[in-house]
Amino acid sequence: MLAYIIKRILFFIPTLFIISLVAFMISVNSPIDPVNNFVSEPEELGFQVKDFQSQRNLQDSRQRIREKFNLHLPVFYFRLASLAEPDTFYRIHDKQKRKTLGQLLDRTGNWSAVQGYYGQLATFYQGHGHAFAAIQELPYEERQAATDALSTSMSITSALLSTAKPEGITHRFYQLDTLYSNRQYLRLLHDELLKVRFSYEQLYTQKHLWKKYVPVIVWYGSNNQYHKWASAILTKLDFGRSYQSGQPISQRIGELFFWSFMFTLISVILAYLISLPLGILSAALHGSRFDKISTVIVFAFDSLPNFWVATLLLVTFANPDVFNWFPSSFNIIRTGDEGLIELFFQDINRLILPLIAYTYGQVAYMSRLMRSSMLEVIQQDYMRTARAKGLRERMVLLRHGFRNASLPIITRFAGVLPALLGGNVILETIFMIPGMGREVFEACFAQDIPMIMAVFTLTGFLAILGYLVSDLLYAWTDPRIKFHKQEGNQ
Amino acid sequence: MTPQPPKIHSRRDNWRQFRKSKTALAAVIFLSVLGLTTLLADIIANDRPLYCEYEGKSHFPVFTPTKVDSIYDELKNKYIHFSYNRIDWRSLHLEAVVWPLIPYGPKTMDSHNKGFKSPGSAQVFMNAFGEEKPLTGRFRHLLGTTKNGQDVLASIIHGARISLLVGVVSMGIATLIGLFLGAIAGFFGDTRFKRSRGMSYMLIFGLFLCYFYGYYVRKYTIEAAGEESFGAMLGQIGITLLISMGILWSCNRLAAKVLNRVPFFAKKGTIPVDSLVSRTIEILRSVPVILIVISFSVIFKGSIWFVMLVIGLTSWTGVARLVRAELLRIVNLDYIEAARALGFPEWRMILRHAIPNGMAPVLISISFGIAGAIISESSLSFLNIGVAADTITWGKLLRMGSSNFEAWWLTVFPGFAIFLTVMSFNIIGERLRDVLDPRSK
């Protein structure tokens, strides 16, 4: 038994590691740049010639945010890459830029040529600033037309910066050429463009496609995002800061988790209180009308989607047109410094609808489980013995039957653990409960990666813990179960 | 007393047994009708007539939605060009017409009945002479309308298509994965999968190469195909699979022909397949799946295929566990022993002997799984994630209902459709368990 517990606990570690890794890989590979949460690029930027300085500021502030959240580090300890990619590919943080460079590299395999072309293009883009200064000396009427031409040129160039398809690039080169051809004041840019075109042609004359097909493993060491993230959790229980609110995650979870916890806990307790007697009764009266009706109802409950039940409850009982008995949302009105528990039970009315929606499904599931397990127990010999001893029927059922039949149900309690923290996304959204489920749902939309990862890892942890606890409870309550055998062997 | 021969159940016996339950039979009939309805949804609920005569010409607008025609309008004295799926056929003065059973499509915006007309309210229409008349008979919106004047009944019929498709496709994916992993876990257990070291190492190496040549090198190609069309992406994924199979096959050959001559690599070891699969199941069951689905659906906006894929990839554990348990039992039966003695290769024993006999419990799991997938999909569209904005689903109708309490019909009817479908699958699953699972007899 002890050996089994130790083995299970040891198995904890790799499982948690894999879960955290899965969470991490999913979030890192999302195509949305998390920095955009903090610095949003103004729509028109890139078309305004004057804004070079503000653009540079923007890039600086992006870099600072990246450093604050460790996003400037390599993702993991090592990386599988092709020989064509440079070791420092991860340092290109801008996801769009990295994608374009990657696509160019994919077509040519020559990093220095790609870099040469892209660098030339960037210089060309910056060159618009000088051209703008030069235009200012033109007479007013011409200046207007020239600014327009320059803006067009800039927008084409910024499109070039995110194009990798050869047709797209040559087409834009052609557009720029025609734009410059009959405008003397853009002479300067035209010369620059020639350089860009030259370096672009170099790209295709100096292909090293073979490099693309040679795999290499790049080792980054412990200075990486995953290591920092995991070691902060292990040493300081620090899950980082939320992108959405800027608060530390552990503090944010501490605030929100209470509501999810309370609803889950109360509904589970209610479900036990209802389903245990219901299951026992319908097993004891097996085949009676009560049994038949309750079985049908419970079965139907099991197929009811919870969001439908929740909406129906609201439409019926929180609707001024029908019955306006309950409030339609779970508003907390903080008046002073009352405790959380007090705040929760402030208004019993607003708890009723959510609790029904939380509970009915569990009642359905658990009373079916209770009934079938009780039916099995009733056929056992010791029940007959108990009756033969002259015990009253109620004693037989409760003392001997219930105690044996309740094992699978009681151990199920451990399965609730992850929901205690993670909450219920749908019901919390419908009833506007400010719990974890809703927070995570919003975090998914905002790409609040630290939050998603924290919840992912914590609920995973609780789920494994739940399995362990339920196994141990099973063994503890049922001495017939021994764990010396290896699982899976018969 | 002579021993009774063991009772053998044929498929027909099982079906006969299944049929005995009236509810299960009703569920099967309901689902068949529903399936047929979704297949014929365009003919049953459509805003174009099945057949009509207009200006002396016969048309079949339901079957030719992309047709473009021109008609001479005497009143305005000019030719009107119209495409069949755009024009409002009811505003035309048709000489003869056969309407579909429900004369509205899911995207028909009935401008005269917009703003939540209830099933019993006065619904109106504008006839060819521009007069407003009350809607009667078949043309009434039997289950009411939405804010934009869409017919709820037509939307439910067309929404059934998405729900059933999600259920079937995602469980198809889940069944394939679950069957494969469950079968190898159950068949080989922890002790019976013996491979030489050379083969094991080459397998790991091969998987690494598969990742590199199958995915990493082709990353941008696959991405570009994905932006182009779904079919192109499937094609690229197919090429990736072919490359991977080629790599794995050649690695295997290489190990068998070359590496195994070296004594170190030829030494046999056991791979604990069962433990590996069981641990994977445990990990997958510990992960909050809804979080994965939501975060992925946010990233890949509006692709119902993606929702199916994610649900499929995360819900195979039920099938795998049942198949594993069943095969653990079957492996020790005499006919497998006989096949082993005859020297059949392992894959043949799995495919021809073990899996066909262990399929029964999979049916139970598939049935419950489809019910679960339908609930998952409708929850997602209820939260307004997963499906494209212009696709109407049951979940989306419910979403409209939940933000407009006065339109009770938007909550009651689509929810009831989900409930009936899910319950039918559950009833069938339950009945299958009674019939097929020997323990419950």
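All values derive from a computational prediction rather than experimental measurement. Counting from 1, residues in each chain are numbered in the order their sequence is written. Chains carry letters from A onward and ligands carry numbers from 1 onward, assigned in written order. For a predicted model such as this one, the threshold for reporting local features is a pLDDT of at least 70, and the threshold for listing and counting side-chain atom pairs is 80 or more; totals across whole chains, interfaces and linings nevertheless cover every residue. As a convention, hydrogens and water are excluded, and side-chain values are obtained from all of the structure's heavy atoms.

Q: Account for the environment of A:Ala23, naming residues and giving values.
A: Residue and element names in this part refer to chain A. Locating Ala-23 in the fold gives a position in helix α1 (residues 2-28). Relative accessible area serves as the criterion here: at 5%, Ala-23 is assigned to the buried category. Considering only alpha carbons, one finds Ala-23 and Ile-449, 426 residues apart in sequence, at a separation of 9.3 Å. Whether two residues are in contact is decided by their heavy atoms, any of which lying within 4.5 Å being enough. Apart from residues lying up to four places away in sequence, Ala-23 is in contact with Met-453 and Phe-456. Strands are runs of DSSP state E lasting at least 2 residues, helices are runs of H or I lasting at least 4, and numbering of each runs from the N terminus. With a 1.4 Å probe rolled over the protein chains alone, any residue whose accessible area is under 20% of its type maximum counts as buried; one over 50% counts as exposed, and the rest are partly exposed.

Q: Before we move on, could you go through the interface of chain A and chain B and cite the residues and values that matter?
A: Taken together, the contacts link 61 residues of chain A with 53 residues of chain B. What gets called buried area is simply the loss in accessible area from a 1.4 Å probe that two parts show on being joined, summed for both. Roughly 4,900 Å² is buried in total at the junction of chain A and chain B, and carbon and sulfur atoms are behind 73% of that figure. Among the residues of chain A in contact with chain B, A:Leu80, A:Phe307 and A:Trp308 are the three that bury the most area, contributing 13% of the side total. One speaks of a salt bridge when a side-chain nitrogen belonging to Lys or Arg is within 4 Å of a carboxyl oxygen belonging to Asp or Glu. Linking chain A with chain B are 2 salt bridges, by the criterion used here. The shortest N-O distance in the salt bridge between A:Arg368 and B:Glu430 comes to 3.0 Å. Any pair of nitrogen or oxygen atoms within 3.5 Å is treated as a polar contact; in protein, a donor-acceptor pairing is required on top of that, and neighbouring residues in sequence qualify only through side-chain atoms on both sides. Seen at the junction of chain A and chain B, the total is 9 residue pairs in polar contact (both at pLDDT 80 or more).

Q: With reference to specific residues and values, describe the packing of helix α6 (residues 166-181) of chain A against helix α7 (residues 187-205) of chain A.
A: Residues and elements named next belong to chain A. Where α6 meets α7, the axes come as close as 11 Å, and the angle between the chain directions of the two elements is 160 degrees. With respect to α7, the axis of α6 lies roughly antiparallel. Between α6 and α7 the crossing geometry is left-handed. Contact residues: Pro-166, Ile-169, Thr-170, Phe-173, Leu-176, Asp-177 and Tyr-180 in α6; Leu-189, His-190, Leu-193, Val-196, Arg-197, Tyr-200 and Tyr-204 in α7. Fitted lines through C-alpha atoms serve as axes, helices being fitted only where they are in contact, and the angles separating the N-to-C directions of these axes extend from 0 to 180 degrees. In what follows, roughly perpendicular refers to angles from 65 to 115 degrees, roughly parallel to angles under 35, roughly antiparallel to angles over 145, and oblique to any angle outside these ranges. Two helices cross in a left-handed way if the nearer one is turned anticlockwise from the farther one by less than a right angle. They cross in a right-handed way if the turn is clockwise.

Q: Please provide a residue-by-residue account of the sheet that holds strand β2 (residues 57-59) of chain B, values included.
A: What links the strands of a sheet is backbone hydrogen bonding, and the strands pair in either a parallel or an antiparallel sense. All names here are of chain B. By this definition, two strands are paired if DSSP reports at least two bridges between them. What the 3 strands build is an open sheet, ordered β2-β1-β5; its pairing is antiparallel. Only two strands of the sheet have a single neighbouring strand rather than two, namely β2 and β5 (96-98). Pairwise comparison of adjacent strand axes, ignoring direction, gives a mean angle of 20 degrees for this sheet.

Q: Report on the packing of aromatic side chains, specifying residues and quantitative values.
A: All names here are of chain A. Only Phe, Tyr and Trp rings are paired, with Trp represented by its six-membered ring, and only when their centres lie within 6.5 Å; those with planes under 30 degrees apart are stacked, over 60 edge-to-face, the remainder tilted. According to the stated counting rule, one finds 36 aromatic pairs over all chains in the structure shown. Centroid distance Phe-257 to Phe-261: 5.5 Å. Interplanar angle 50 degrees. Geometry classified as tilted. Of the two residues, Phe-257 and Phe-261 both sit in helix α10 (residues 249-284), 4 residues apart, roughly one turn of that helix. Each ring, one from Phe-317 and one from Trp-325, has its centre 5.5 Å from the other, and the planes form 25 degrees; the classification is stacked. Ring pairing ties together the aromatic residues Phe-17, Phe-24, Phe-76, Tyr-77, Phe-78, Trp-219, Tyr-226 and Trp-229, which thus form one cluster.

Q: Can you break down the packing of α10(A) against helix α14 (residues 349-378) of chain A residue by residue, with the values?
A: All names here are of chain A. At a minimum axis distance of 6 Å, the contact between α10 and α14 shows a crossing angle of 35 degrees. The hand of the α10/α14 crossing is right-handed. Here the contact of α10 with α14 is composed, by residue class, of 22 nonpolar, 7 polar and 1 charged. Classification used: nonpolar for Ala, Val, Leu, Ile, Met, Phe, Trp, Tyr, Cys and Pro, charged for Asp, Glu, Lys and Arg, polar for all others including Gly.

Q: Any chance you could break down helix α20 (residues 436-446) of chain A for me, citing the residues and the numbers?
A: One turn of an α-helix holds 3.6 residues; hence residues three or four places apart share an orientation. Along α20(A), the residues that are buried comprise A:Met436, A:Gly437, A:Glu439, A:Val440, A:Phe441, A:Ala443 and A:Cys444. Looking one or two places after α20(A), you find A:Gln447, whose phi comes out positive at around 55 degrees.

Q: Which residues make up the nonpolar core, and what are the values?
A: A:Phe263, A:Phe344, A:Phe431, B:Ile102, B:Phe187 and B:Ile294 are the most contacted members of the largest nonpolar core, which totals 161 residues. Here the element with the most residues in this core is helix α4 (residues 152-188) of chain B; it accounts for 18 residues. Once residues within four sequence positions are removed from consideration, B:Phe187 is found in contact with B:Arg192, B:Leu327, B:Val331, B:Ile336, B:Arg340, B:Glu346, B:Met349, B:Ile350 and B:Ala354. Listed in part, the 37 residues of the second largest apolar core include A:Leu101, A:Val114, A:Phe124 and A:Tyr125. Residues belong to one nonpolar core when they are buried, are Ala, Val, Leu, Ile, Met, Phe, Trp, Tyr or Cys, and are joined through side-chain atoms within 4.5 Å.

Q: Tell me about the pairing of strand β1 (residues 51-54) of chain B, residues and numbers included.
A: All names here are of chain B. On β1, burial follows the alternation: Cys-52 and Tyr-54 on one face are buried, whereas Tyr-51 and Glu-53 on the facing-out side are not. Here β1 pairs with β5 via 3 bridges, running antiparallel. Within β5, the position partnered with Glu-53 by the bridge is Ala-96. Two strands pair when backbone bridges link them, and β1 and β2 are joined in this way by 3 bridges, in the antiparallel orientation. Each bridged residue has a counterpart across the sheet, and for Glu-53 the counterpart in β2 is Ser-58. Once β1 ends, the chain turns through 2 residues before running back antiparallel as β2, passing Glu-55 with a positive phi of about 55 degrees.

Q: Tell me what's going on with the domain arrangement of chain A, and back it up with residues and numbers.
A: All names here are of chain A. Residue ranges labeled as domains rest on an automatic or database domain assignment. Along its sequence, chain A is carved into domain 1 (2-227) and domain 2 (249-485). Between the C-alpha centres of domain 1 and domain 2 the distance comes to 50 Å. With 16 residues of domain 1 in contact, the opposing surface of domain 2 contributes 15 residues. For the pair domain 1 and domain 2, the summed buried area comes to about 1,600 Å², and 80% of that belongs to carbon and sulfur atoms.

Q: Run through the pattern of salt bridges, naming residues and quoting values.
A: When their charged atoms lie close together, side chains carrying opposite charge are able to pair. On inspection of all chains with the given rule, the structure shows 19 salt bridges over all chains. Put simply, A:Lys99 and B:Glu223 hold a salt bridge, and the shortest N to O gap is 3.5 Å. A residue pair is termed interchain when its members come from two chains, as with A:Lys99 in helix α3 (residues 95-108) and B:Glu223 in helix α6 (residues 219-228). Take A:Lys99: its relative accessible area is 27%, and that puts it in the partly exposed class. Each of A:Asp302, A:Arg368, B:Glu430 and B:Arg433 takes part in salt bridges that share partners, so that together they form one network.

Q: Help me get a handle on the side chain of B:Ser170, residues and values and all.
A: All names here are of chain B. Tracing the backbone through its elements, the reader meets Ser-170 in helix α4. Overall, the relative accessible area of 0% leaves Ser-170 in the buried class. Among all residues touching Ser-170, those that are not within four sequence positions of it are Leu-165, Met-308, Ile-311, Gly-312 and Ala-373.

Q: Describe the environment of B:Phe60, listing the residues and the values that go with them.
A: All names here are of chain B. Along the chain, Phe-60 falls in the loop between β2 and β3 (68-73). Look at Phe-60 and you get partly exposed, because its relative accessible area is 46%. Distance in space between the C-alpha atoms of Phe-60 and Val-97 is 9.8 Å, their sequence separation being 37 residues. Beyond its immediate sequence surroundings of up to four residues, Phe-60 is in contact with Pro-49, Leu-50 and Tyr-51.

Q: Any details on the side chain of A:Ser260? Residues and values, ideally.
A: Residue and element names in this part refer to chain A. One can find Ser-260 in helix α10. You can call Ser-260 buried: its relative accessible area is 1%. Engagement of the side chain of Ser-260 in a polar contact is seen with the backbone nitrogen of Met-436, the distance being 2.8 Å.

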